[in-house]
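The lines below spell out each chain.
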Amino acid sequence: MTTAQPQDLDVQPSPLALLLLGREADPRSERGVECPGDLPSPSDPDLVARARAAKEKLGDKVFVLGHHYQRDEVIQFADVTGDSFKLARDAAARPEAEYIVFCGVHFMAESADILTTDDQKVVLPDLAAGCSMADMATAEQVAECWDVLTEAGVAEQVVPVSYMNSSADIKAFTGKHGGTICTSSNARRALDWAFEQGEKVLFLPDQHLGRNTAVRDMGMSLEDCVVYNPHKPNGGLTAEELRAAKMILWRGHCSVHGRFSLNSVNDVRERIPGVNVLVHPECRHEVVAAADYVGSTEYIIKTLEAAAAGSKWAIGTELNLVRRLANRFASEGKEIVFLDKTVCFCSTMNRIDLPHLVWALESLAEGTLVNRIEVDKETEAFAKLALERMLALP
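Report on the accompanying structure.

The rules we used
- Residues numbered from 1 in each chain as written.
- Predicted model: local features only at pLDDT ≥ 70, side-chain atom pairs only at ≥ 80, totals over all residues.
- Heavy atoms only, no water.
- Phe/Tyr/Trp six-rings, centres within 6.5 Å; stacked < 30°, edge-to-face > 60°.
- Helix = DSSP H or I, 4+ residues; strand = E, 2+ residues; numbered from the N terminus.
- Lys NZ or Arg CZ within 6 Å of the ring centre and 35° of its normal.
- Salt bridge = Lys/Arg side-chain N within 4 Å of Asp/Glu carboxyl O.
- Buried < 20%, exposed > 50% of the residue type's maximum accessible area, 1.4 Å probe, protein only.
- Expected span 1.5 Å × (residues − 1).
- Contact = heavy atoms within 4.5 Å.
- Pairing = 2+ DSSP bridges.
- Axes fitted to C-alpha atoms, helices over the stretch in contact; angles between N-to-C directions.

### Some thoughts on the packing of aromatic side chains
Centre-to-centre distance and the angle between the planes together describe a pair of aromatic rings. Taken as a whole, this structure holds four aromatic pairs when the rule is applied. Centre to centre, the rings of W146 and F173 are 5.6 Å apart; their planes meet at 80°, and the pair counts as edge-to-face. In this pair, W146 sits in helix 7 (residues 139–151) while F173 sits in helix 8 (residues 168–176), placing the two residues 27 residues apart along the sequence. Taken together, a centroid distance of 5.4 Å and an interplanar angle of 45° make the contact between Y293 and W313 tilted. Of this pair, Y293 sits in strand 11 (residues 293–294) while W313 is found in strand 12 (residues 312–316), placing the two residues 20 residues apart along the sequence. In this arrangement the basic side chain of R94 is found over the ring face of F63, its NZ or CZ atom lying 4.2 Å from the centre.

Next comes the structure, spelled out in C-alpha cells:
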C-alpha cells in the first residue's frame, strides 16, 4: 500500500478556510482583513507622543470614540467613551468632525456611519476588529430563516427585534420587515413594542439577551422560547414548535459573556463572603438567575459608582472594563473582581491597539483616508429605519 503525498492530492481550501486564514475577506461578514500599510512597532517608546501629536494636528477635524472594552492605552485618546449606541449618537452630534475614528468593532463603526452625515468619514483602526456574535447571523441565513417562518405560516405574526450588536445587513433586514433595534438597556421596551405589533418575536443575534429579557423581565416561561439554529435544516425546529413559540431566539452569543457559568457564581461566593454578583444580560440564563444584579455596561458602571465604600463585587463582563473599574474605585475601598477565575479579554476589541491607532491618526493627519467604513445607501436606509423605530420607543 502506498501513501499519497501532499503534492498528489488535489485539495483546494474552502472559502471559509481562506477567510479564517486571513487570505480572503467576506464583505457581508463582520470579519475583516489586515490593515494596508506599515504599522509602527508596538515597542516604539514614542507611540503615545506620536498619537498625541497626530491628534493635535487634526484638531476638530477628528473625533475619537472609545468603547468601554478598549485597552487603557487606547481609551486615553478617546474624546468620549461609552457603549456602542451611545458612541454612534455622540458621533452624529459632532457634524463638524470630518473624521470619526471608532475604537471599537466593525458593527459599531457601521452604526456610526449610518447615523452620521454623508460628509463625515468613519474610520476603524483595524478592519479585522469584528464581533463573533454579529458573525453568527449573516444576511443569507436570516433570509432563509424568514422563508422557514413563511412556510410554517407564522411570518406575518413575527416582528424582528435585532440587538445593536449586529451587522448593518441584519439591521436593514429588521427595518425592512417592520422591526426595531434594541440595546441591552432598552430590550424590554423594544420587546413590549414588538408584541404590540405582532404575536411573536424573532430575536437576533444573541439568544441570551432575548431569553433573559423575556423570562426574567417580562414573565414568560422558558417553554415560550425556542432557539433557531441556522446550521440545521429548518433551524432545527418543527412548524408546530414555531407556531407555539412566542420568542424565536437566534442561536448566537457573546464569546466573552457566554463563558461565565453557574460554577463561576458559586465559586466566587465561596471565595469572597458577602460579594455582590453583577452581570451583563448577555450572560447565560442560569448565570443571570443566580446573580444579584443584572444590567447593561452603563448600568454596571452606575451601580458601582453608587455602591457603598468597602463593598465587594464580582463582575461578569469584559476584563478591560472590570480592571478599569477596579482601579477607579480602589481608593474608595470597593473590592471589584472578575467573575471567572480565568481572565478573558474580547479578542476582537483588543485588535485596536496603540500601533493601529497611531497609524490611522498619522495617515489622516497626512491627508490619507484609511480603513473607511461605509454602508451602501439601500442598506443604510432600512437600517436607519430600524434604528429610528428604537429611538421612538416610549
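### Comments concerning the pattern of salt bridges
Counted by the stated rule, this structure contains 20 salt bridges. In this structure, R259 engages D340 in a salt bridge whose closest nitrogen and oxygen atoms are separated by 3.1 Å. Highlighted residues: R259 in the loop between strand 9 (247–250) and helix 12 (262–271) and D340 in the loop between strand 13 (335–338) and helix 16 (354–365), separated in sequence by 81 residues. With a relative accessible area of 29%, R259 lands in the partly exposed category. Between E305 and R328 there is a salt bridge, and its shortest N-O distance comes to 2.7 Å. Of this pair, E305 sits in helix 14 (residues 297–306) while R328 sits in helix 15 (residues 319–329), and the two are 23 residues apart along the sequence. Taking relative accessible area as the criterion, E305 reaches 39% and is therefore assigned partly exposed. Residues joined by salt bridges that share partners form a network here, namely D44, R50 and E362.

### Description of helix 17 (residues 377–391)
The first and last C-alpha atoms of helix 17 sit 20 Å apart over 15 residues, in line with the 21 Å expected at 1.5 Å per residue. Against helix 4 (84–92), helix 5 (106–115), helix 8 and strand 6 (180–182) lie the buried residues of helix 17.

### Comments concerning the pairing of strand 1 (residues 62–67)
Burial of strand 1 is extensive: six of the six residues sit out of reach of the surface. Bridge analysis of strand 1 against strand 3 (residues 99–103) gives five bridges, and the strand direction is parallel. The residue bridging V64 from the neighbouring strand is V101, located in strand 3. Alignment of strand 1 against strand 2 (residues 80–82), held across three bridges, turns out to be parallel. Residue pairing in the sheet places H67 in a bridge with G82 of strand 2.

### Brief notes about the pairing of strand 3
Burial of strand 3 is extensive: five of the five residues sit out of reach of the surface. Neither face of strand 3 is open: one carries Y99, V101 and C103, the other I100 and F102, and all of them are buried. As defined by bridge partners, strand 3 adjoins strand 4 (residues 121–123) across three bridges and the pair is classed as parallel. Considered in strand 4, the bridge of I100 is made with V122.

### Description of the sheet that holds strand 9
Spatially, 6-5-7-9-8 is the arrangement adopted by the five strands of the open sheet, whose pairing is parallel. Because the sheet does not close on itself, it has two edges, and the strands there are strand 6 and strand 8 (225–228). Each adjacent strand pair in this sheet contributes to an overall mean axis angle of 25°, direction not counted. Strand contacts of helix 8: strand 5 (158–163), strand 6 and strand 7 (200–204), with the helix running at about 150° to strand 5, the strand carrying the most contacts.

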